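Here is what each chain is made of, one letter per residue.
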Number of protein chains: 2
Amino acid sequence: MSTTTNQPDGIKLYTYFRSSASYRVRIALNLKGLPFESIPVHLLRDGGAQHSVDYARLNTTQLVPTLVDGAMTTGQSLAIIEYLDEVYREPPLMPAKSAGRARVRALSQSIACEIHPLNNLRVLQYLEHELKIDEAAKAKWYRHWITLGFTALELMLENSPETGEFCHGNRPTMADCCLIPQIANSRRFDTPLGAFPRIRRIEAACLALSEFQRAAPENQPDAV
Amino acid sequence: MSTTTNQPDGIKLYTYFRSSASYRVRIALNLKGLPFESIPVHLLRDGGAQHSVDYARLNTTQLVPTLVDGAMTTGQSLAIIEYLDEVYREPPLMPAKSAGRARVRALSQSIACEIHPLNNLRVLQYLEHELKIDEAAKAKWYRHWITLGFTALELMLENSPETGEFCHGNRPTMADCCLIPQIANSRRFDTPLGAFPRIRRIEAACLALSEFQRAAPENQPDAV
């Protein structure tokens with residue numbers, strides 16, 4: 001899976017090993033067979049390196065990841081993955097037809113817009129520091145949004161003949177790049193996944209691939 | 001702005017007048033000059049019509065909007081807008097070049113993934129019913145995520161030569177479809193916008209257009 005139509009001119013990824021948005025992009029880069037330099041941004045040490053002036057200049061959202069590809073710099077993991085898919089076309093991470101593309105985007109956004117934003121580090125920090133929520137209530141919050149989101153996703157996968165070995169057909173797409181990091185998060189917080197057999201089946205198919213394995217948090221240079 | 005290369009076969013939009021994700025899609029449909037049937041889904045009455053069996057069958061996330069275009073049904077507003085842009089090409093809501101497309105997607109996602117999910121109805125309901133947060137703390141939460149998100153967005157607009165009369169260049173794009181509903185939400189909760197002159201300038205440019213005016217919550221058939 002390493003054929004590319006363009007050759008990258010030194011791709012850099014600002015990343016944090018545990019950031020699931022960074023993890024999505026690492027999977028996409030590996031699936032494309034694109035070499036990249038990982039620049040770690042430690043989200044916790046000294047109040048968070050993502051809030052440093054240098055990083056804020058690069059990415060005003062002060063969130064990871066940020067991709068730099070020659071003159072192009074962008075944040076937002078889904079924007080990055082679609083950019084990579086447009087510029088480095090093989091293997092495609094999006095279906096060819098518009099209806100399929102809509103489905104992959106909707107599956108991806110059902111994670112990236114409905115689950116993950118609620119469980120992001122800065123939200124958990126706000127719950128703890130501003131709203132004085134205890135650990136148990138925080139864990140309940142975390143699992144609540146995953147369970148709600150995965151219920152919707154499981155039914156989307158169940159209801160469609162487009163679901164294959166992966167979320168859409170028999171090759172990984174952007175949707176799988178989003179799913180695997182979200183599952184990793186859910187396991188970290190002991191979220192029960194028994195009700196989601198399709199999600200777990202797709203997880204097994206993805207984790208059998210070295211492109212997904214190499215992107216995992218524990219295999220990053222900045223892993224603690 | 002009503003030239004289309006395809007003719008729609010009866011587009012239906014499941015929508016709620018105050019839903020900002022629905023509002024994004026209404027703007028996009030108007031910019032494309034596409035006629036559509038609005039099917040109101042009342043998010044509050046009787047516990048919320050989005051949770052009915054019929055709607056949940058159509059959209060398993062039980063969120064609005066849902067677009068039906070012939071055989072194609074999809075949720076997720078950004079997936080819908082990109083679908084519309086691929087199938088009904090004129091006027092384009094995305095730039096032609098990949099770097100520009102990445103920028104418009106990143107601007108859109110900085111709203112759709114970083115601000116709006118935290119202030120969604122179901123999140124406010126969870127804060128109130130599960131975490132027993134009072135009205136003042138809820139309003140503070142609401143404004144906090146808008147202010148944080150708009151600070152990043154204002155700097156993204158300030159730092160780029162691509163910013164024009166609109167978020168990207170001198171025609172509306174998907175980013176403007178996301179920005180205007182988010183500003184409407186911020187005003188509903190009295191969020192100060194004085195620190196965001198570029199955002200307010202773009203708002204004025206958008207609201208001068210009938211396509212944006214006709215999409216506004218107060219101009220919907222289901223407005224209360």
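Definitions and limits used
- Residues numbered from 1 in each chain as written.
- Chains lettered and ligands numbered in written order.
- Predicted model: local features only at pLDDT ≥ 70, side-chain atom pairs only at ≥ 80, totals over all residues.
- Heavy atoms only, no water.
- Axes fitted to C-alpha atoms, helices over the stretch in contact; angles between N-to-C directions.
- Helix = DSSP H or I, 4+ residues; strand = E, 2+ residues; numbered from the N terminus.
- Left-handed = near helix turned anticlockwise from the far one by under 90°.
- Contact = heavy atoms within 4.5 Å.
- Nonpolar A, V, L, I, M, F, W, Y, C, P; charged D, E, K, R; others polar.
- Salt bridge = Lys/Arg side-chain N within 4 Å of Asp/Glu carboxyl O.
- Buried < 20%, exposed > 50% of the residue type's maximum accessible area, 1.4 Å probe, protein only.
- Least-squares fit on C-alpha atoms with pLDDT ≥ 70 in both.
- Pairing = 2+ DSSP bridges.
- Right-handed = clockwise from strand over helix to strand, strands pointing away.
- Domains from an automatic or database assignment.
- Parallel < 35°, antiparallel > 145°, perpendicular 65-115°, else oblique.
- Buried area = accessible area lost by both parts, 1.4 Å probe.
- Polar contact = N/O pair within 3.5 Å; in protein donor to acceptor, adjacent residues only side chain to side chain.

Some words on the packing of helix 3 (residues 77-87) of chain B against helix 7 (residues 174-188) of chain B
Helix-helix packing: each pair is described by the crossing angle between the helix axes and the interaxial distance.
All names here are of chain B.
Here is step 1: For the pair helix 3 and helix 7, interaxial distance at closest approach is 10 Å and the crossing angle is 145 degrees. Crossing of helix 3 over helix 7 shows right-handed handedness. Across the interface between the two elements, Leu78, Ile81 and Glu82 of helix 3 pack against Met174, Cys177 and Cys178 of helix 7.
Here is step 2: In terms of residue class, the contact of helix 3 with helix 7 is made up of 5 nonpolar, no polar and 1 charged.

What about the pattern of salt bridges?
Here is step 1: Throughout the structure, instances matching the rule amount to 26 salt bridges over all chains.
Here is step 2: A salt bridge links Arg57 of chain A to Asp54 of chain A, with the shortest nitrogen-to-oxygen separation between them at 3.3 Å. With Arg57 of chain A and Asp54 of chain A both in helix 2 (residues 53-58) and 3 residues apart, the pair spans about one turn of that helix.
Here is step 3: For Asp54 of chain A, a relative accessible area of 57% corresponds to the exposed category.
Here is step 4: Here Arg105 of chain A and Glu82 of chain A are joined by a salt bridge, their closest N and O atoms 2.6 Å apart. Taken together, the positions of Arg105 of chain A in helix 4 (residues 98-112) and Glu82 of chain A in helix 3 (residues 77-87) put the pair 23 residues apart, joining distant regions of the chain. By the burial criterion, Arg105 of chain A is buried, and Glu82 of chain A matches it.
Here is step 5: The network of salt bridges with common partners includes Glu82, Glu86, Arg101 and Arg105 of chain A together with Glu82, Glu86, Arg101 and Arg105 of chain B.

So, the relation of the copies chain B and chain A
Here is step 1: Note on the copies: chain B fits chain A at an RMSD of 0.0 Å, the axial shift is 0.0 Å, and the rotation between them is 180 degrees. This pairing of chains is accounted for by a two-fold axis. It is Cys113 of chain B whose C-alpha, among those of chain B, lies nearest the rotation axis, at 2.3 Å.
Here is step 2: A share of 100% of interface residues in chain B that are also interface residues in chain A marks the association as one of identical surfaces.

Notes on the pairing of strand 2 (residues 36-40) of chain B
Residues and elements named next belong to chain B.
Here is step 1: Here strand 1 (residues 11-15) pairs with strand 2 via 5 bridges, running parallel. Residue pairing across strands places Thr15 opposite Pro40, the latter belonging to strand 2.
Here is step 2: Handedness of the β-α-β unit built from strand 1, helix 1 (residues 20-32) and strand 2 comes out right-handed.

Observations regarding the domain arrangement of chain A
Residue and element names in this part refer to chain A.
Here is step 1: You can read the domains of chain A as domain 1 (11-92) and domain 2 (98-213).
Here is step 2: Between domain 1 and domain 2, the C-alpha centre-to-centre distance is 19 Å.
Here is step 3: Every contact between the two is made by 19 residues of domain 1 and, on the other side, 22 residues of domain 2.
Here is step 4: One can count 1 salt bridge joining domain 1 with domain 2.
Here is step 5: Those elements giving two or more residues to the side of domain 1 that touches domain 2 turn out to be helix 1 (20-32) and helix 3.
Here is step 6: The leading source of residues in the side of domain 1 that touches domain 2 is helix 1, at 8 residues.
Here is step 7: When its residues are assigned to classes, the side of domain 1 that touches domain 2 shows 12 nonpolar, 4 polar and 3 charged.

What about the packing of helix 6 (residues 135-159) of chain B against helix 8 (residues 197-207) of chain B?
All names here are of chain B.
Here is step 1: Contact pair helix 6 / helix 8: the axes reach a minimum separation of 8 Å and the direction vectors enclose 80 degrees. Considering their axes alone, helix 6 and helix 8 lie roughly perpendicular with respect to each other. Contacts from Phe150, Leu153, Glu154, Leu157 and Glu158 in helix 6 reach Pro197, Arg198, Ile199 and Ile202 in helix 8.
Here is step 2: Here the contact of helix 6 with helix 8 is composed, by residue class, of 6 nonpolar, no polar and 3 charged.

Structural notes on the sheet that holds strand 3 (residues 66-69) of chain B
Residue and element names in this part refer to chain B.
Here is step 1: The mixed open sheet is built from 4 strands, whose spatial order is 2-1-3-4. Two strands lie at the open edges of the sheet, namely strand 2 and strand 4 (72-75), each paired on one side alone. Put simply, the sheet's adjacent strands are angled 15 degrees from each other on average, direction ignored.
Here is step 2: Judged from the 4 bridges that link them, strand 1 and strand 3 form a sheet pairing that is antiparallel. From the neighbouring strand, Lys12 faces strand 3, where its bridge partner is Val68.
Here is step 3: Across the sheet, helix 1 is in contact with strand 1, strand 2 and strand 3; its angle to strand 1 comes to roughly 155 degrees.

Observations concerning the interface of chain B and chain A
Here is step 1: Of the residues lining the interface, 44 residues belong to chain B; the matching set on chain A comes to 44 residues.
Here is step 2: Summing the contributions of chain B and of chain A, the shared interface buries around 3800 Å²; its carbon and sulfur component is 63%.
Here is step 3: When the area that chain B buries against chain A is broken down by residue, the three leading residues are Thr60, Gln76 and Tyr126 of chain B, summing to 16%.
Here is step 4: Linking chain B with chain A are 16 residue pairs in polar contact (both at pLDDT 80 or more).
Here is step 5: Of all the secondary-structure elements, those providing two or more residues to the side of chain B that touches chain A are strand 4, helix 3, helix 4 (98-112), helix 5 (121-129) and helix 6 of chain B.
Here is step 6: The greatest single-element share of the side of chain B that touches chain A, amounting to 10 residues, is contributed by helix 6 of chain B.

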